[in-house]
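# Tertiary structure, described
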Amino acid sequence: VILLCFRRYILMALTSSLCWNMFGLSAAMDSKPNILLFLADDLGIGDIGCYGNNTIRTPNIDRLAREGVKLTQHIAAASLCTPSRAAFLTGRYPIRSGMASSNRYRALQWNAGSGGLPANETTFARLLQQQGYTTGLIGKWHQGVNCESFNDHCHHPLNHGFDYFYGMPFTLLNNCQENKPPELDVALQAKLWLYSEIIILAVLTLTAGKLIGLISIRWKIIACFTFVGGLFFISWYSSYGFVRYWNCILMRNHDVAEQPMRLERTASLMLKEAVSFIERNRHGPFLLFVSFLHVHTPLFTTAKFLGKSHHGLYGDNVEEMDWMVGKILDSLEKQGLKNHTFTYFASDHGGHLEAQDGSAQLGGWNGIYKGGKGMGGWEGGIRVPGVFRWPGVLPAGTVIDEPTSLMDIYPTLVHLAGGTLPQDRVIDGRNLVPLLQGRAQKSEHKFLFHYCGSYLHAVRWHQKDSGAIWKAHYVTPVFHPPGAGACYGKGICPCFGEGVTHHDPPLLFDLSRDPSEAKPLSPDTEPLFDTVIRKMGRAIEEHRRTLTPVPEQLSMYNVMWKPWLQPCCGTFPFCWCDKEGDTTQSL
């Protein structure tokens, strides 16, 4: 009798516990969580501790992984910032929105360009805004500002569902820091300087020849030639000569707050704004997208972190970013919001291998994966960290090896907010909640398509019945020097032309056995070679049938500098201000 009663007691306790857990989980899921997104810039998957790095200290990002879910095959939709972030915001391949380039300019080049995320694209911020969320973006945007006038703000974050924006509408560049070599269009600038010098030399030669009587030419012709040469110089130097003023600015909503920005206090300003947003909206629900300027060159790092890592300036910058993550997470806890906040950390693409200063490496490490930033197909350019935390809802300490995409964040957030996905367009992302909770064991992705600009370079097939993850490369960049693993001396690898190699048949790898893509398979070494290639070929045909022509936002015209579109805190061209003053305090 005692044994029977004990068994009944245990059964009731287990049933009660199970019901309580299910009820608690259901209650948590029924309420709308706050959403905190961290997106690093140019961070390699091998740069943080929870992904195997033991030389750079990232305790706060590692804590997120311990308390939540870590993805080991999290894939960016592009290997460069503008298209990757467009896909992240919309849940769609960049080619669908026109944010994929067919020319050598694969990212926006100016705040005063006319290209950007089209107004008819619906971001997750817009959908969450419609569900009652207060939405904020702190940090990098790089999706354009204006279309036709300096204040139409057609591409601005506030026109894409964000209630509040504080940050950089562009991206960091070496040009943003004094005494650094220019980074924007270096090769083109060199040519323009050469042409200008030739014109000056020609004018001086004609003038001298006229004065000493060696050349019979009218002064009017020399004057016209001088005038045209002057116009040529002004036409290009008015943009490239003032990149720091035109591109390196901070905005608060529609207003320019700093022009040019002062990098020594930017990190403190960003942190202060993120913490303030959480405090103002603690009663929720809120969406806070912290889009770090770290760890893009020029790697400006505050004195507190300089020389503190074991990996030079790059490591110092990563550790400063991790510290900022920790401070923002502390703010969540201080407000009692930790258990009611869905938190996510990732990078927009892989580390920049070609970023160097002499022998010093200024770009990230992509672990065992080949390639890096700018390479459309190789894993090192597109496989990024992916960490989620939601205490009590997502199981702590979980590692998931299934293929996922940054585009998946879009439907995942819409699901958590209780919204519905747009029905008038293709959404390429998939809701990750069942996978993150362990209710699903397999990713919903069957094929993932890897673009370099508007050119399809590779395809991934997740063969779920066998566990194989096939990847076929149709185009790969030509490394320089040969075998170097990157395009050193070029800044970034090209997508087309003489700088790439076309493969027929394609290079085939099984990432489940060869994640480093070191040994391409062949019909002799892989019996399924022809079957897999045919399957991928059919998938490409089906994918291309879903694409519709759209205006190319990164066309040569759209990316060029247009003075009438320049955000300016004064009267153009006298654009300089410092509205932040000395309001920042170290946090």
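Only a predicted model underlies this, so the values are computations on that prediction, with no experimental measurement involved.

Take the UniProt feature "domain: Sulfatase N-terminal" (unreviewed entry) in the protein next. Look at the UniProt record and you will see "domain: Sulfatase N-terminal" (unreviewed entry) annotated at residues 33-418. The distance separating the terminal C-alpha atoms of residues 33-418 is 10 Å; by composition the span is 35% helix and 16% strand.

This brings us to the nonpolar core. Residues Phe38, Leu43, Leu288 and Phe345 are the most contacted members of the largest nonpolar core, which totals 65 residues. If you list the elements that add at least two residues to this core, you get β1 (34-40), α2 (59-66), β4 (164-168), α7 (219-240), α8 (243-246), α9 (263-280), β7 (286-291) and α10 (312-334). A total of nine residues in this core trace back to one element, the largest contributor, which is α9. Built from parts of two domains, this core gets at least three residues from each of domain 1 (34-172 + 248-445 + 551-578) and domain 2 (186-241). If sequence neighbours within four positions are ignored, Phe38 has contacts with Val290, Phe292, Val325, Ile328, Leu329, Thr343, Tyr344, Phe345 and Ala346. Of all hydrophobic cores here, the second largest spans 47 residues; its members include Leu127, Tyr133, Leu287 and Ala417.

This next bit is on α2. The element α2 is extensively covered by neighbouring structure, given that six of its eight residues are classed as buried. All of the buried residues in α2 are Asn60, Ile61, Asp62, Arg63, Leu64 and Ala65. Against the buried residues of α2 lie β2 (69-75), α10, β8 (341-347) and β11 (383-389).

It is worth spelling out the state of the cysteines at this point. Across all of its chains, the model carries six disulfides by this definition. At a sulfur-sulfur separation of 2.0 Å, the disulfide partner of Cys176 is Cys248. Between Cys176 and Cys248 the disulfide shows an S-S torsion of about -80 degrees. By sign, it is left-handed. Residue Cys176 is located in the loop between β4 and α6 (186-211), and its partner Cys248 is located in the loop between α8 and β5 (250-252); the two are separated by 72 residues in the primary sequence. For Cys176, a relative accessible area of 2% puts it in the buried group. Here Cys569 connects covalently by a disulfide to Cys577, the sulfurs 2.3 Å from one another. Torsion about the S-S bond of the Cys569 and Cys577 cystine: about -120 degrees, corresponding to left-handed handedness. With relative accessibility at 17%, the residue Cys577 sits in the buried group.

Across the interface, α6 lies against α7 with an axial gap of 10 Å and an inter-helix angle of 160 degrees. Considered as vectors, α6 and α7 are oriented roughly antiparallel to each other. When you trace α6 past α7, the crossing you get is left-handed. Its residues placed into classes, the contact of α6 with α7 shows 17 nonpolar, five polar and one charged.

If you trace the four strands from one edge of the open sheet to the other, you get β14-β15-β16-β17, paired in antiparallel fashion. A single partner strand is all that each edge strand has here, and the edge strands are β14 (447-452) and β17 (500-510). When the angles between neighbouring strand axes are averaged without regard to direction, this sheet yields 15 degrees. Here six bridges tie β14 to strand β15 (residues 455-463), and the two strands are oriented antiparallel to one another. In the strand pairing of β15, His450 is matched with Ala458. Together, β14, β15, β16 (468-477) and β17 form the strand contacts of helix α14 (residues 529-545), whose direction differs from that of β16 by roughly 70 degrees.

A few words on the UniProt feature "transmembrane region" (unreviewed entry) in the protein. With numbering aligned to this structure, UniProt lists the feature "transmembrane region" (unreviewed entry) at residues 192-209 and 221-243. Measuring from the first to the last C-alpha atom of residues 192-209 gives 26 Å, for a span that is 100% helix and 0% strand. Annotated as residues 221-243, this span is 91% helix and 0% strand, and its ends, taken at the C-alpha atoms, are 34 Å apart.

What the rule picks out here adds up to 31 aromatic pairs. Aromatic pair Phe88 and Phe289: ring centres 5.5 Å apart, planes at 50 degrees, arrangement tilted. Here Phe88 is found in helix α3 (residues 81-90), whereas its partner Phe289 is found in strand β7, with 201 residues between them in sequence. By the burial criterion, Phe88 is buried, and Phe289 matches it. Seen from their ring centres, Trp246 and Trp561 are 5.6 Å apart, and the 20 degrees between their planes marks the pair as stacked. With Trp246 in helix α8 and Trp561 in the loop between α15 (556-559) and β18 (577-578), the pair connects residues that are 315 residues apart, well separated along the chain. Comparing Trp246 with Trp561 shows no difference in burial state: the two are buried. Taken together, the aromatic side chains of Trp110, Trp193, Phe233, Trp236, Tyr237, Tyr240, Phe242, Trp246, Trp561 and Phe572 make up a single cluster linked through ring pairs. For the cation-ring pair, Lys70 lies above Tyr51, with the distance from its terminal atom to the ring centre recorded as 5.0 Å. Over the ring of Tyr557 we find Lys562; its NZ or CZ atom is 4.2 Å from the centre of that ring.

Definitions and limits used
Residues numbered from 1 in each chain as written. Predicted model: local features only at pLDDT ≥ 70, side-chain atom pairs only at ≥ 80, totals over all residues. Heavy atoms only, no water. UniProt positions renumbered as here; feature names shortened; annotations may be inferred. Helix = DSSP H or I, 4+ residues; strand = E, 2+ residues; numbered from the N terminus. Core = buried A, V, L, I, M, F, W, Y, C linked by side-chain atoms within 4.5 Å. Buried < 20%, exposed > 50% of the residue type's maximum accessible area, 1.4 Å probe, protein only. Domains from an automatic or database assignment. Contact = heavy atoms within 4.5 Å. Disulfide = S-S within 2.5 Å. Axes fitted to C-alpha atoms, helices over the stretch in contact; angles between N-to-C directions. Parallel < 35°, antiparallel > 145°, perpendicular 65-115°, else oblique. Left-handed = near helix turned anticlockwise from the far one by under 90°. Nonpolar A, V, L, I, M, F, W, Y, C, P; charged D, E, K, R; others polar. Pairing = 2+ DSSP bridges. Phe/Tyr/Trp six-rings, centres within 6.5 Å; stacked < 30°, edge-to-face > 60°. Lys NZ or Arg CZ within 6 Å of the ring centre and 35° of its normal.

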